[in-house]
Amino acid sequence: MSNLKLLVALIGLVCCTAAAIAKQENPDLDSDEWSDWKTTFGKTYTDAAEEKERRFVWEENLKLINLHNTDKKKGYTLRMNGFGDKRLHEFRNTLIGYRTSNYTMQQGSTFLNPSNVNLPDTIDWRTKGYVTPVKNQGLCHSDWAFSTTGSLEGQMFRKTSKLTSLSEQNLIDCSSSYGNEGCQGGFMNNGFQYIQDNGGIDSEDCYPYRAESQICQYNPSCNSAEVTGYVDIKRQDEDALKSAVAGVGPISVAIDASHLSFQFYHAGVYDEPQCGNTIGQLSQGVLVVGYGNYGGEDYWLVKNSWGTSWGLDGYIMMSRNKNNQCGIATLASYPLV
């Protein structure tokens with residue numbers, strides 16, 4: 001081999017080796033992976049500058065996800081999802097909408113723990129027909145409305161043996177006089193009170209979701225559920241919450257969902273020591289649909305409203321019996337029908 005050919009070969013080898021090392025050190029910088037992610041989640045950007053910025057955020061998030069997943073001490077895993085191009089504060093501003101400021105939530109009746117009752121070790125109301133498919137709130141702070149309809153859907157099934165998806169849009173558009181603010185946040189109890197006073201709530205089919213606040217279009221002929229009252233479960237009491245979930249069905253709760261670990265949760269029992277559990281730290285209305293134990297860890301089975309591409313097909317197993325972690329039992333309630 002001539003000296004020139006040898007030199008070219010050596011240069012090629014060095015370049016390939018350097019590229020391989022760079023790939024190992026920065027596995028997140030795969031153009032195909034970025035393109036696949038954009039395609040999967042339908043991401044488009046206005047220009048090259050915006051895409052460059054969003055890709056940088058995506059790469060940084062992917063590094064944090066990979067770092068978390070290599071920590072053997074973590075009992076749950078994270079995964080890239082449709083929120084991958086958002087910084088944590090952007091994610092909070094876009095998705096999280098449970099109201100904690102200007103606290104004016106309606107108060108319900110007091111839940112009384114049943115006496116001398118042996119509660120099951122595990123329960124999943126999805127298997128008993130109480131839970132509609134996972135929904136997606138989109139770019140609207142309407143989680144509170146999805147939590148409201150979720151518990152009412154369960155109670156109506158308990159009463160009628162018929163599962164009907166109820167209208168979150170009905171609540172968003174029509175319950176502002178009860179202290180809710182549509183796509184700017186609200187409270188589940190306020191939603192229950194509106195439904196009780198209104199004489200009902202429309203079905204999802206009749207009053208479909210639009211992910212934005214609109215003029216109230218409630219149609220009495222589409223009324224699909226009524227509320228006669230609602231019950232508050234003792235604050236901070238996970239034992240009381242367990243009794244309610246076991247004996248009543250899916251329960252509306254609010255949690256602290258403001259952490260990157262929640263943003264990219266994938267599987268396992270979620271354990272976030274930085275989670276808050278006071279009223280002022282709650283940020284997402286969700287639905288407890290069961291509880292159990294997984295790998296020696298007690299958990300609450302929680303339905304979210306971010307679609308099935310997040311978490312465990314739209315669900316999360318949250319730590320149970322860990323001092324009310326993430327405020328799971330701070331503001332729990334359910335409707336009476």
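Residues numbered from 1 in each chain as written. Predicted model: local features only at pLDDT ≥ 70, side-chain atom pairs only at ≥ 80, totals over all residues. Heavy atoms only, no water.

Caption draft 1: Highlighting the packing of helix H2 (residues 31-41) against helix H3 (residues 48-69). It is at 12 Å that the axes of H2 and H3 come closest, and there the two elements cross at 105°. In terms of orientation, H2 lies roughly perpendicular with respect to H3. Along its contact with H2, which presents Ser31, Glu33, Trp34, Trp37 and Lys38, the element H3 presents Glu51, Arg54, Arg55, Trp58 and Leu62. Of the residues contributing to the contact of H2 with H3, the split by class is four nonpolar, one polar and five charged. (Axes fitted to C-alpha atoms, helices over the stretch in contact; angles between N-to-C directions. Helix = DSSP H or I, 4+ residues; strand = E, 2+ residues; numbered from the N terminus. Parallel < 35°, antiparallel > 145°, perpendicular 65-115°, else oblique. Contact = heavy atoms within 4.5 Å. Nonpolar A, V, L, I, M, F, W, Y, C, P; charged D, E, K, R; others polar.)

Caption draft 2: Structural detail: the nonpolar core. In terms of nonpolar packing, the biggest core is built from 57 residues, with Leu241, Ile251 and Ile328 touching the most fellow members. If near-sequence neighbours (up to four positions away) are discounted, Leu241 is found in contact with Ile233, Ile251, Val253, Trp300, Ile328, Ala329 and Ala332. Residues Cys174, Met188, Ile201 and Leu282 belong to the second largest nonpolar core, which totals 25 residues. (Core = buried A, V, L, I, M, F, W, Y, C linked by side-chain atoms within 4.5 Å. Buried < 20%, exposed > 50% of the residue type's maximum accessible area, 1.4 Å probe, protein only.)

Caption draft 3: Inspection of the state of the cysteines at higher detail. Under the counting rule described, the total for this entry stands at four disulfides. Through a disulfide, Cys174 is tied to Cys216; the S-S separation comes to 2.0 Å. Taking the sign of the torsion about the S-S bond as the criterion, the disulfide between Cys174 and Cys216, at about 95°, is right-handed. Taken together, the residues span a long stretch of sequence, with Cys174 in helix H6 (residues 168-174) and Cys216 in the loop between strand E4 (201-202) and strand E5 (223-225) at a distance of 42 residues. Between the sulfur atoms of Cys275 and its disulfide mate Cys326 the distance is 2.0 Å. Its S-S torsion of about 85° marks the bond between Cys275 and Cys326 as right-handed, since a negative value means left-handed. On the criterion of sequence distance, the pair formed by Cys275 in the loop between strand E8 (265-270) and strand E9 (284-294) and Cys326 in the loop between strand E11 (315-319) and strand E12 (333-336) is long-range, its members being 51 residues apart. Among the cysteines of the chain that take part in disulfides, numbered as they appear in the sequence, the pairing is 1-3, 2-5, 4-6, 7-8. (Disulfide = S-S within 2.5 Å.)

Caption draft 4: Up close: H3. A rise of 1.5 Å per residue sets the reference length of H3, with its 22 residues, at 32 Å; its end C-alpha atoms lie 31 Å apart and thus fit the reference within 8%. Buried within H3 we find Arg54, Arg55, Val57, Trp58, Glu59, Asn61, Leu62, Ile65 and His68. The backbone nitrogen of Ala49 lies 3.2 Å from a side-chain oxygen of the residue at the head of H3, namely Asp47. (Expected span 1.5 Å × (residues − 1). Polar contact = N/O pair within 3.5 Å; in protein donor to acceptor, adjacent residues only side chain to side chain.)

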